[in-house]
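Fold and contact review
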Amino acid sequence: MTIDPETLAAYADGELAPADAAKVEEAIAADPDLAKQVAAHRALRAQLSAHFDPILDAPVPGSLADLLKPRESAQVIDLAAVRRAREEEQPLEKAPRTRWAMGGALAASLALGLVFGRVAVPTEPIASHDGGLVARGELSDALTTQLASAQDGKQVRILVSFRAKDGRYCRGFEQGATAGIACREDGNWQILRTQSGVHAGTQGAYAQAASQASEIMAVAQDMATSGAFNSTDERKARDAGWTRN
Amino acid sequence: MALLPRLRRFAAGLSRDLAAGDDLCQMTIERALKSRNQWAEGTRFDSWMYRIMRNIWIDEVRSRARRDKTFAVEEAGLSVGTDGGQESRVELFNVDRAMARLPDEQREAIMLVMVEGYGYREAADIIGCPVGTLTSRLVRGRDALQVLLGDAA
């Protein structure tokens, strides 16, 4: 059997199906020259890696890294701090309605309003549940039903859907000035991370949103077992109710 | 972003030197941020970025390289891998020169598969060519490199 160079390269790169690879291995066993070619191919691969890989460890020039940094007005929300703020807010509501208490409650809700931007109106999209934060209302509905491929004119934008390494289905989303990642757990969408930008003029808001979404995508990329779902996989996962199997 | 060093590596390979590669990286990121909405269809994010980079490289950098070709080729050389001795420096320079001599379509095939570690299918998707075309470019590029690099490969 003759092995053409393309097949031999594919063998050396681990690209052949097991049955074809077995045939190539037979041919190699019978022909030392083929074995030499495979070794040469792999040696070249190693040489190229050795040559280019140092770039991976080299410091990235600041001008490039800066492009991806969230602008200063953006805030990555510390979820624990948000919860603390909510817990502190509750006693205030029960306190006698003095001017002072009103002021305190107002300040607290203003702070939360800033954090969640215009998402907080009209239905609160994120609520406390079992010590965590879960999506509610429109956000929850969108996470459950909306496909990334069909969302023209929707309030909530799904950025990406994927399967996390822990087996949960997760989705990156954007609503108003807030972007985040939610994962399906016990019939709820748990909010793992949110990020919010303050609108500062059209130009600023646009750049802001862009850098937020790219951060969320980078986080999603790190969390996912194997990249983002294509529209078929996404539809399948939705139709199965986002349940693990 | 974790992808950035990989983008730099690919850019350096495509544009034959690190500084030109960083310019390419910058344009890629800017374009990706602008057209981020087009990614939501659910594909691999890294492949999408590589595809953007490749398109920009073809459109802009390559035409610029043609304008000042003699200069670019003579100056080609990555200034990384500083902890090597004299011998490995010579060898490093040779890899750059050998890569720079490859036709562009062979160089990108070599970069995607043998350096970036993409499978044939994914690499062909990024380039937008059939797998068979990718494989034959890969083999021709590899054979040329082995000749250029002599016994080192």
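Report follows, based on the coordinates. Since the model is a prediction, treat every value here as computed from it, not as a measurement. (Residues numbered from 1 in each chain as written. Chains lettered and ligands numbered in written order. Predicted model: local features only at pLDDT ≥ 70, side-chain atom pairs only at ≥ 80, totals over all residues. Heavy atoms only, no water.)

Focus on the side chain of R8(B)
Structurally, R8(B) is set in helix α1 (residues 4-15). A relative accessible area of 4% places R8(B) in the buried class. For R8(B), the contacting residues outside a window of four places in its chain are I55(A), A58(A), P59(A), V60(A), P61(A), L64(A), L18(B), D22(B) and C25(B). (Helix = DSSP H or I, 4+ residues; strand = E, 2+ residues; numbered from the N terminus. Buried < 20%, exposed > 50% of the residue type's maximum accessible area, 1.4 Å probe, protein only. Contact = heavy atoms within 4.5 Å.)

As for the pairing of strand β2 (residues 126-129) of chain A
All names here are of chain A. Where β2 lies against strand β3 (residues 132-135), four bridges are found, and the strand directions are antiparallel. By the bridge assignment for β3, H129 is matched with G132. Between β2 and β3, which pair antiparallel and follow one another directly, the connecting turn spans two residues, one of which, D130, has a positive phi of 50°. (Pairing = 2+ DSSP bridges.)

Focus: the packing of helix α1 (residues 5-12) of chain A against helix α8 (residues 131-149) of chain B
Relative to each other, α1(A) and α8(B) sit at 90°, their axes nearing to 9 Å. By the criterion of interaxial angle, the relationship of α1(A) to α8(B) is roughly perpendicular. In this structure, α1(A) contributes P5(A), E6(A) and A9(A) to the contact, and α8(B) contributes T135(B), S136(B), V139(B) and R142(B). Of the residues in the contact of α1(A) with α8(B), the class split is three nonpolar, two polar and two charged. (Axes fitted to C-alpha atoms, helices over the stretch in contact; angles between N-to-C directions. Parallel < 35°, antiparallel > 145°, perpendicular 65-115°, else oblique. Nonpolar A, V, L, I, M, F, W, Y, C, P; charged D, E, K, R; others polar.)

Focus: the interface of chain B and chain A
Listed by partner, the interface residues are 53 residues for chain B and 51 residues for chain A. For the pairing of chain B and chain A, the buried interface totals around 4500 Å² over both sides, and the portion due to carbon and sulfur atoms is 67%. The interface formed by chain B and chain A holds one salt bridge in total. Put simply, D53(A) and R9(B) hold a salt bridge, and the shortest N to O gap is 2.6 Å. Scanning the region where chain B abuts chain A turns up ten residue pairs in polar contact (both at pLDDT 80 or more). Mapped by element, the contributors of at least two residues to the side of chain B that touches chain A are α1, α2 (18-34), α3 (45-67), α5 (86-101), α6 (104-115) and α8 of chain B. Split by residue class, the side of chain B that touches chain A holds 29 nonpolar, eleven polar and 13 charged. (Buried area = accessible area lost by both parts, 1.4 Å probe. Salt bridge = Lys/Arg side-chain N within 4 Å of Asp/Glu carboxyl O. Polar contact = N/O pair within 3.5 Å; in protein donor to acceptor, adjacent residues only side chain to side chain.)

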